[in-house]
Amino acid sequence: MTNRKWWRVAVAALVFSLAFATLVWAFAEEPLHFRDPYTGETGDQWEEISTLHDDLTYALALAAGFSISDSITLQVWSQLVDSEQIGPGDAISYTNCTGGAFYPTPDPADPQVCGQSYSLVAWPRWDDMQDRDHCVTSRFGPYSPFFHFPHQNAQEIGALHDWGWGTVNRLVGYEAYAWGGPTVFSSQCRYTRTAVITTAIQPGSLEAFATYIHSLGDSYSHRECIKATDKLGLPWGTHTLAGVPACNYNPANPSPDDVHGREFYTYTDALRTDEAVQHIYGELVARSIEREGQYFPLGLDTPISGTMTLSDTLYLFVHGWDFDHPAERRALADQISAAVLSKRKPNRRIFIPVVLK
(Lines give C-alpha, C1' and ligand atoms only; values in the text may rest on other atoms or scores of the structure.)
Protein backbone atom coordinates (compact mmCIF):
# COMPACT_ATOMS: atom_id res chain seq x y z
CA MET A 1 0.00 0.00 0.00
CA THR A 2 1.29 3.46 -0.85
CA ASN A 3 1.90 5.99 1.92
CA ARG A 4 -0.93 8.11 0.57
CA LYS A 5 -3.35 5.17 0.65
CA TRP A 6 -2.30 4.20 4.15
CA TRP A 7 -2.75 7.80 5.33
CA ARG A 8 -6.30 7.77 3.95
CA VAL A 9 -7.06 4.59 5.88
CA ALA A 10 -5.58 5.99 9.09
CA VAL A 11 -7.62 9.19 8.81
CA ALA A 12 -10.74 7.19 7.97
CA ALA A 13 -10.24 5.04 11.07
CA LEU A 14 -10.01 8.13 13.26
CA VAL A 15 -13.09 9.74 11.71
CA PHE A 16 -15.12 6.57 12.00
CA SER A 17 -14.17 5.93 15.62
CA LEU A 18 -15.04 9.53 16.59
CA ALA A 19 -18.38 9.30 14.84
CA PHE A 20 -19.33 6.33 16.99
CA ALA A 21 -17.58 7.32 20.20
CA THR A 22 -20.78 6.88 22.18
CA LEU A 23 -21.18 3.22 21.19
CA VAL A 24 -20.12 0.56 23.64
CA TRP A 25 -19.23 -2.39 22.23
CA ALA A 26 -10.14 -19.22 5.31
CA PHE A 27 -9.51 -16.69 7.19
CA ALA A 28 -8.01 -18.24 10.21
CA GLU A 29 -9.42 -18.23 13.70
CA GLU A 30 -8.08 -15.12 15.36
CA PRO A 31 -7.25 -14.45 19.04
CA LEU A 32 -10.86 -13.41 19.69
CA HIS A 33 -13.62 -15.51 21.22
CA PHE A 34 -17.12 -16.09 19.89
CA ARG A 35 -19.72 -13.67 21.19
CA ASP A 36 -23.23 -15.08 21.41
CA PRO A 37 -25.29 -12.85 19.09
CA TYR A 38 -28.43 -13.33 21.17
CA THR A 39 -27.05 -12.81 24.68
CA GLY A 40 -23.82 -10.91 24.04
CA GLU A 41 -22.00 -13.46 26.22
CA THR A 42 -18.35 -14.06 25.42
CA GLY A 43 -15.18 -15.10 27.23
CA ASP A 44 -12.28 -17.53 27.26
CA GLN A 45 -14.64 -20.52 27.46
CA TRP A 46 -15.94 -19.81 23.98
CA GLU A 47 -14.18 -20.87 20.77
CA GLU A 48 -11.95 -18.52 18.82
CA ILE A 49 -13.49 -17.27 15.60
CA SER A 50 -12.72 -15.58 12.31
CA THR A 51 -13.90 -11.97 12.33
CA LEU A 52 -14.59 -12.23 8.61
CA HIS A 53 -16.70 -15.39 8.78
CA ASP A 54 -18.40 -14.33 12.02
CA ASP A 55 -18.65 -10.61 12.84
CA LEU A 56 -18.39 -9.22 9.31
CA THR A 57 -20.90 -11.73 7.90
CA TYR A 58 -23.51 -10.30 10.27
CA ALA A 59 -22.78 -6.71 9.21
CA LEU A 60 -22.80 -7.65 5.51
CA ALA A 61 -26.09 -9.53 5.86
CA LEU A 62 -27.72 -6.51 7.51
CA ALA A 63 -26.40 -4.24 4.75
CA ALA A 64 -27.73 -6.68 2.14
CA GLY A 65 -31.23 -6.32 3.58
CA PHE A 66 -31.71 -9.37 5.79
CA SER A 67 -33.57 -9.14 9.08
CA ILE A 68 -31.60 -9.23 12.32
CA SER A 69 -32.62 -12.84 13.01
CA ASP A 70 -31.72 -14.01 9.49
CA SER A 71 -28.42 -12.12 9.68
CA ILE A 72 -27.61 -13.97 12.91
CA THR A 73 -28.41 -17.28 11.23
CA LEU A 74 -26.02 -16.45 8.39
CA GLN A 75 -23.34 -15.32 10.85
CA VAL A 76 -23.50 -18.37 13.12
CA TRP A 77 -23.78 -20.95 10.37
CA SER A 78 -20.89 -19.40 8.46
CA GLN A 79 -18.67 -19.74 11.53
CA LEU A 80 -19.91 -23.28 12.22
CA VAL A 81 -18.29 -24.49 9.00
CA ASP A 82 -15.01 -24.08 10.89
CA SER A 83 -16.08 -24.52 14.49
CA GLU A 84 -18.51 -27.46 14.10
CA GLN A 85 -19.78 -26.79 17.62
CA ILE A 86 -19.84 -23.52 19.54
CA GLY A 87 -20.46 -23.05 23.23
CA PRO A 88 -18.89 -22.06 26.53
CA GLY A 89 -16.65 -24.87 27.74
CA ASP A 90 -18.18 -28.30 27.13
CA ALA A 91 -21.64 -26.86 26.45
CA ILE A 92 -23.00 -26.79 22.90
CA SER A 93 -24.99 -23.70 22.02
CA TYR A 94 -24.76 -24.00 18.24
CA THR A 95 -23.77 -26.90 15.97
CA ASN A 96 -24.01 -28.00 12.36
CA CYS A 97 -23.23 -31.62 13.31
CA THR A 98 -26.79 -32.87 13.03
CA GLY A 99 -27.80 -35.55 10.60
CA GLY A 100 -24.37 -35.73 9.02
CA ALA A 101 -22.78 -39.07 8.18
CA PHE A 102 -19.69 -40.47 6.51
CA TYR A 103 -19.18 -43.44 4.23
CA PRO A 104 -16.99 -46.35 5.37
CA THR A 105 -13.31 -45.50 4.98
CA PRO A 106 -11.83 -47.07 1.85
CA ASP A 107 -9.28 -49.84 2.31
CA PRO A 108 -5.86 -48.66 1.09
CA ALA A 109 -4.99 -52.28 0.27
CA ASP A 110 -7.68 -52.28 -2.42
CA PRO A 111 -5.93 -52.24 -5.83
CA GLN A 112 -8.21 -49.42 -6.95
CA VAL A 113 -7.20 -47.32 -3.92
CA CYS A 114 -3.50 -47.76 -3.09
CA GLY A 115 -2.89 -51.49 -3.50
CA GLN A 116 -1.01 -51.55 -0.20
CA SER A 117 -1.71 -51.27 3.52
CA TYR A 118 -0.08 -48.54 5.60
CA SER A 119 0.39 -48.16 9.34
CA LEU A 120 0.30 -44.35 9.23
CA VAL A 121 -2.92 -42.46 8.48
CA ALA A 122 -2.32 -38.83 7.54
CA TRP A 123 -5.88 -37.93 6.61
CA PRO A 124 -8.59 -37.66 7.87
CA ARG A 125 -7.62 -36.62 11.39
CA TRP A 126 -10.64 -38.16 13.04
CA ASP A 127 -9.51 -37.53 16.61
CA ASP A 128 -9.36 -33.76 16.03
CA MET A 129 -13.01 -33.53 15.04
CA GLN A 130 -15.69 -32.37 17.49
CA ASP A 131 -17.90 -35.30 16.45
CA ARG A 132 -16.30 -37.82 14.14
CA ASP A 133 -19.66 -39.33 13.18
CA HIS A 134 -21.60 -36.24 12.12
CA CYS A 135 -19.48 -33.10 11.52
CA VAL A 136 -19.30 -33.17 7.73
CA THR A 137 -17.83 -29.66 7.33
CA SER A 138 -15.00 -30.34 9.79
CA ARG A 139 -11.56 -29.02 8.83
CA PHE A 140 -10.18 -32.42 9.88
CA GLY A 141 -12.65 -34.74 8.16
CA PRO A 142 -12.70 -36.40 4.73
CA TYR A 143 -14.71 -33.50 3.24
CA SER A 144 -12.33 -30.83 4.53
CA PRO A 145 -10.68 -29.90 1.21
CA PHE A 146 -14.09 -29.69 -0.48
CA PHE A 147 -15.48 -27.20 2.06
CA HIS A 148 -12.26 -25.36 2.97
CA PHE A 149 -9.99 -25.59 -0.09
CA PRO A 150 -12.51 -25.50 -2.93
CA HIS A 151 -11.41 -24.78 -6.47
CA GLN A 152 -13.29 -21.90 -8.06
CA ASN A 153 -14.87 -24.17 -10.64
CA ALA A 154 -18.26 -25.74 -11.36
CA GLN A 155 -17.45 -29.03 -9.63
CA GLU A 156 -16.50 -27.50 -6.26
CA ILE A 157 -17.52 -23.92 -5.44
CA GLY A 158 -20.15 -24.22 -8.18
CA ALA A 159 -21.66 -27.30 -6.51
CA LEU A 160 -21.75 -25.48 -3.16
CA HIS A 161 -23.35 -22.46 -4.85
CA ASP A 162 -26.12 -24.53 -6.44
CA TRP A 163 -26.82 -26.39 -3.18
CA GLY A 164 -26.73 -23.19 -1.12
CA TRP A 165 -29.20 -21.57 -3.51
CA GLY A 166 -31.33 -24.72 -3.65
CA THR A 167 -31.16 -25.23 -7.41
CA VAL A 168 -30.03 -28.82 -6.70
CA ASN A 169 -31.27 -31.16 -4.00
CA ARG A 170 -28.00 -33.02 -3.42
CA LEU A 171 -24.57 -31.72 -2.48
CA VAL A 172 -22.05 -33.67 -4.54
CA GLY A 173 -18.48 -33.26 -3.36
CA TYR A 174 -15.53 -35.51 -2.74
CA GLU A 175 -13.76 -37.35 0.06
CA ALA A 176 -10.03 -37.13 0.70
CA TYR A 177 -7.75 -39.74 2.31
CA ALA A 178 -4.00 -40.10 2.74
CA TRP A 179 -1.87 -42.95 4.10
CA GLY A 180 1.79 -43.79 4.52
CA GLY A 181 3.16 -40.66 6.14
CA PRO A 182 2.65 -38.27 9.04
CA THR A 183 1.30 -35.50 6.76
CA VAL A 184 -0.65 -35.23 3.53
CA PHE A 185 2.42 -33.84 1.76
CA SER A 186 4.63 -36.73 2.90
CA SER A 187 2.05 -39.49 2.35
CA GLN A 188 2.84 -42.32 -0.02
CA CYS A 189 -0.77 -42.66 -1.14
CA ARG A 190 -3.43 -39.97 -1.51
CA TYR A 191 -6.92 -40.87 -2.65
CA THR A 192 -10.15 -39.04 -3.48
CA ARG A 193 -13.58 -40.21 -4.52
CA THR A 194 -16.80 -38.44 -5.46
CA ALA A 195 -19.55 -38.57 -2.84
CA VAL A 196 -23.05 -37.31 -2.19
CA ILE A 197 -22.63 -35.56 1.16
CA THR A 198 -25.13 -36.59 3.83
CA THR A 199 -26.25 -33.69 6.01
CA ALA A 200 -29.41 -32.47 7.72
CA ILE A 201 -28.81 -28.98 6.30
CA GLN A 202 -31.60 -28.42 3.80
CA PRO A 203 -30.63 -27.34 0.28
CA GLY A 204 -31.48 -23.70 -0.34
CA SER A 205 -31.94 -22.89 3.35
CA LEU A 206 -30.19 -19.94 4.98
CA GLU A 207 -28.01 -22.47 6.81
CA ALA A 208 -26.95 -23.99 3.48
CA PHE A 209 -26.38 -20.56 1.99
CA ALA A 210 -24.22 -19.57 4.97
CA THR A 211 -22.17 -22.74 4.45
CA TYR A 212 -21.71 -21.80 0.80
CA ILE A 213 -20.58 -18.22 1.47
CA HIS A 214 -18.07 -19.50 4.06
CA SER A 215 -16.57 -21.82 1.44
CA LEU A 216 -16.68 -19.00 -1.09
CA GLY A 217 -14.53 -16.92 1.25
CA ASP A 218 -12.17 -19.84 1.76
CA SER A 219 -11.81 -20.25 -2.01
CA TYR A 220 -10.16 -16.80 -2.02
CA SER A 221 -8.27 -17.29 1.23
CA HIS A 222 -6.67 -20.52 -0.01
CA ARG A 223 -6.52 -19.61 -3.69
CA GLU A 224 -2.73 -19.31 -3.94
CA CYS A 225 -2.20 -22.48 -1.91
CA ILE A 226 -4.60 -24.35 -4.18
CA LYS A 227 -2.68 -23.12 -7.23
CA ALA A 228 0.59 -24.27 -5.66
CA THR A 229 -0.68 -27.77 -4.81
CA ASP A 230 -2.24 -28.11 -8.26
CA LYS A 231 1.14 -27.29 -9.77
CA LEU A 232 2.74 -29.98 -7.61
CA GLY A 233 0.18 -32.51 -8.82
CA LEU A 234 -1.45 -32.98 -5.42
CA PRO A 235 -5.15 -33.90 -5.53
CA TRP A 236 -6.21 -31.27 -2.98
CA GLY A 237 -4.95 -28.21 -1.19
CA THR A 238 -3.85 -28.32 2.42
CA HIS A 239 -1.75 -26.41 4.90
CA THR A 240 1.83 -27.57 5.34
CA LEU A 241 5.19 -26.66 6.80
CA ALA A 242 7.00 -28.49 4.00
CA GLY A 243 8.36 -25.46 2.20
CA VAL A 244 5.45 -24.47 -0.03
CA PRO A 245 5.22 -20.73 0.80
CA ALA A 246 1.60 -20.29 -0.27
CA CYS A 247 0.51 -23.15 2.01
CA ASN A 248 2.93 -22.82 4.94
CA TYR A 249 0.80 -22.31 8.01
CA ASN A 250 0.76 -23.68 11.54
CA PRO A 251 -2.67 -23.20 13.17
CA ALA A 252 -1.15 -23.99 16.57
CA ASN A 253 1.19 -21.02 16.26
CA PRO A 254 -0.33 -18.33 14.01
CA SER A 255 1.48 -15.08 13.39
CA PRO A 256 0.66 -11.74 11.71
CA ASP A 257 3.01 -12.50 8.81
CA ASP A 258 2.04 -16.10 7.98
CA VAL A 259 -0.20 -16.95 5.02
CA HIS A 260 -3.38 -16.11 6.91
CA GLY A 261 -1.94 -13.25 8.93
CA ARG A 262 -1.02 -11.52 5.67
CA GLU A 263 -4.69 -11.50 4.65
CA PHE A 264 -5.09 -8.37 6.76
CA TYR A 265 -3.34 -5.02 7.10
CA THR A 266 -0.91 -3.63 4.50
CA TYR A 267 0.21 -6.92 2.94
CA THR A 268 -0.43 -7.56 -0.75
CA ASP A 269 -2.19 -10.82 0.19
CA ALA A 270 -4.95 -8.73 1.79
CA LEU A 271 -6.14 -7.79 -1.69
CA ARG A 272 -7.68 -11.24 -2.05
CA THR A 273 -9.56 -10.61 1.19
CA ASP A 274 -11.05 -7.52 -0.46
CA GLU A 275 -12.11 -9.73 -3.38
CA ALA A 276 -13.67 -12.27 -1.03
CA VAL A 277 -15.63 -9.62 0.88
CA GLN A 278 -16.97 -8.09 -2.33
CA HIS A 279 -17.99 -11.48 -3.76
CA ILE A 280 -19.67 -12.55 -0.52
CA TYR A 281 -21.56 -9.27 -0.33
CA GLY A 282 -22.68 -9.66 -3.93
CA GLU A 283 -24.08 -13.10 -3.17
CA LEU A 284 -25.83 -11.84 -0.03
CA VAL A 285 -27.42 -8.98 -1.97
CA ALA A 286 -28.59 -11.32 -4.73
CA ARG A 287 -30.07 -13.73 -2.19
CA SER A 288 -31.74 -10.90 -0.25
CA ILE A 289 -33.39 -9.50 -3.37
CA GLU A 290 -34.59 -12.88 -4.59
CA ARG A 291 -35.63 -14.48 -1.30
CA GLU A 292 -35.56 -13.41 2.34
CA GLY A 293 -34.58 -9.75 2.21
CA GLN A 294 -36.81 -7.32 4.10
CA TYR A 295 -34.87 -4.12 3.41
CA PHE A 296 -33.35 -2.51 0.34
CA PRO A 297 -29.68 -3.57 0.06
CA LEU A 298 -27.17 -0.78 0.53
CA GLY A 299 -24.86 0.04 -2.35
CA LEU A 300 -21.14 0.03 -1.71
CA ASP A 301 -21.16 3.79 -2.28
CA THR A 302 -23.74 4.38 0.49
CA PRO A 303 -22.40 6.86 3.08
CA ILE A 304 -21.99 5.14 6.44
CA SER A 305 -20.35 7.89 8.49
CA GLY A 306 -19.75 11.36 7.12
CA THR A 307 -18.06 10.90 3.77
CA MET A 308 -17.09 7.28 4.51
CA THR A 309 -18.99 4.83 2.33
CA LEU A 310 -19.76 1.18 2.96
CA SER A 311 -16.88 0.36 0.61
CA ASP A 312 -14.53 2.54 2.67
CA THR A 313 -15.46 0.80 5.91
CA LEU A 314 -15.01 -2.66 4.40
CA TYR A 315 -11.59 -1.61 3.14
CA LEU A 316 -10.76 -0.39 6.63
CA PHE A 317 -11.92 -3.69 8.14
CA VAL A 318 -9.38 -5.57 6.01
CA HIS A 319 -6.49 -3.11 5.98
CA GLY A 320 -6.78 -1.13 9.19
CA TRP A 321 -5.22 -3.62 11.62
CA ASP A 322 -2.99 -6.67 11.54
CA PHE A 323 -4.01 -10.23 12.44
CA ASP A 324 -3.33 -9.72 16.14
CA HIS A 325 -5.95 -6.96 16.50
CA PRO A 326 -9.28 -8.72 15.93
CA ALA A 327 -11.04 -6.75 18.68
CA GLU A 328 -10.67 -3.63 16.54
CA ARG A 329 -12.19 -5.44 13.56
CA ARG A 330 -15.10 -6.62 15.72
CA ALA A 331 -15.66 -3.08 16.99
CA LEU A 332 -15.70 -1.76 13.42
CA ALA A 333 -18.14 -4.49 12.35
CA ASP A 334 -20.38 -3.47 15.24
CA GLN A 335 -20.19 0.14 14.13
CA ILE A 336 -21.04 -0.79 10.54
CA SER A 337 -24.03 -2.82 11.78
CA ALA A 338 -25.32 0.06 13.89
CA ALA A 339 -24.98 2.49 10.99
CA VAL A 340 -26.73 0.10 8.60
CA LEU A 341 -29.64 -0.39 10.99
CA SER A 342 -30.12 3.37 11.19
CA LYS A 343 -30.06 3.88 7.42
CA ARG A 344 -31.78 1.02 5.65
CA LYS A 345 -35.34 1.23 4.38
CA PRO A 346 -38.00 -1.51 4.39
CA ASN A 347 -38.49 -3.28 1.11
CA ARG A 348 -42.26 -3.48 0.76
CA ARG A 349 -42.66 -6.20 -1.80
CA ILE A 350 -45.70 -5.88 -4.02
CA PHE A 351 -47.46 -9.12 -4.83
CA ILE A 352 -49.95 -8.89 -7.71
CA PRO A 353 -52.66 -11.52 -7.33
CA VAL A 354 -53.35 -13.83 -10.22
CA VAL A 355 -56.94 -13.50 -11.40
CA LEU A 356 -58.38 -16.80 -12.51
CA LYS A 357 -61.03 -16.58 -15.19
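Residues numbered from 1 in each chain as written. Predicted model: local features only at pLDDT ≥ 70, side-chain atom pairs only at ≥ 80, totals over all residues. Heavy atoms only, no water.

(A) Main features of the overall build of the protein. From N to C terminus, the protein includes 10 helices and seven strands. Taken against the 2.2 N^0.38 rule, which gives 21 Å for 357 residues, the C-alpha radius of gyration of the protein at 21 Å falls within 12% of a compact globule. Viewed in the frame of its principal axes, the protein has a C-alpha envelope of about 70 × 65 × 40 Å. Within the protein, the fraction of its 357 residues that count as buried is 53%. The protein carries 25 positive and 41 negative side-chain charges, and their two centres are separated by 9 Å. (Helix = DSSP H or I, 4+ residues; strand = E, 2+ residues; numbered from the N terminus. Rg over C-alpha atoms; globule rule 2.2 N^0.38 Å. Buried < 20%, exposed > 50% of the residue type's maximum accessible area, 1.4 Å probe, protein only. Lys, Arg positive; Asp, Glu negative; His and termini not counted. Charge placed at Lys NZ, Arg CZ, Asp CG, Glu CD.)

(B) The arrangement of unusual backbone geometry in detail. Residue W123 is joined to P124 through a cis peptide bond whose omega torsion reads 5°. The phi torsion at E84 lies on the positive side, around 70°, for a residue other than glycine. Take E84: it is sitting in the loop between α3 (68–83) and β1 (85–86).

(C) Fine view of the environment of D55. As for its position among the elements, D55 is in helix α2 (residues 52–64). Each C-alpha atom, one on D55 and one on L332, is 9.3 Å from the other, the two residues being 277 residues apart in sequence. Residues within four places of D55 in sequence aside, it is in contact with L32, R35, I49, S50, R330 and A333. Polar side-chain contacts of D55 include one of 2.8 Å to the side chain of R330. (Contact = heavy atoms within 4.5 Å. Polar contact = N/O pair within 3.5 Å; in protein donor to acceptor, adjacent residues only side chain to side chain.)

(D) Up close: the packing of aromatic side chains. Per the counting criterion, the structure on display carries nine aromatic pairs. Relative to Y143, the ring of F102 lies with its centre 5.7 Å away and its plane at 25°, an arrangement referred to as stacked. One end of the pair, F102, is in the loop between β2 (94–95) and β3 (121–123); the other, Y143, is in the loop between β3 and α4 (144–148), with 41 residues separating them in the sequence. Centre to centre, the rings of F146 and F147 are 5.4 Å apart; their planes meet at 75°, and the pair counts as edge-to-face. Each member of the pair, F146 as well as F147, carries the same accessibility label: buried. Through a chain of ring-to-ring contacts, three or more aromatic side chains come together here, namely F34, W46 and Y94. The side chain of R287 reaches across the aromatic face of W165, ending 5.7 Å from its centre. Above the ring of F264, the side-chain terminus of R329 is found at 3.9 Å from the ring centroid. (Phe/Tyr/Trp six-rings, centres within 6.5 Å; stacked < 30°, edge-to-face > 60°. Lys NZ or Arg CZ within 6 Å of the ring centre and 35° of its normal.)

(E) Layout of the sheet that holds strand β5 (residues 189–196). Taking strand neighbours across the sheet as the criterion, the three strands line up as β3-β4-β5 in an open arrangement whose pairing is antiparallel. At either margin of the open sheet sits one strand with a lone partner, and together these are β3 and β5. Strand-to-strand twist across the sheet, computed as the mean angle between neighbouring axes with direction ignored, equals 25°. Inspection of the sheet shows strand β4 (residues 172–179) paired to β5 by eight bridges, in the antiparallel sense. Bridging across to β5, W179 finds its partner in C189. (Pairing = 2+ DSSP bridges. Axes fitted to C-alpha atoms, helices over the stretch in contact; angles between N-to-C directions.)

(F) Just the side chain of S337, in detail. Note that S337 resides in helix α10 (residues 326–343). Here S337 falls in the buried class, since its relative accessible area comes to 6%.

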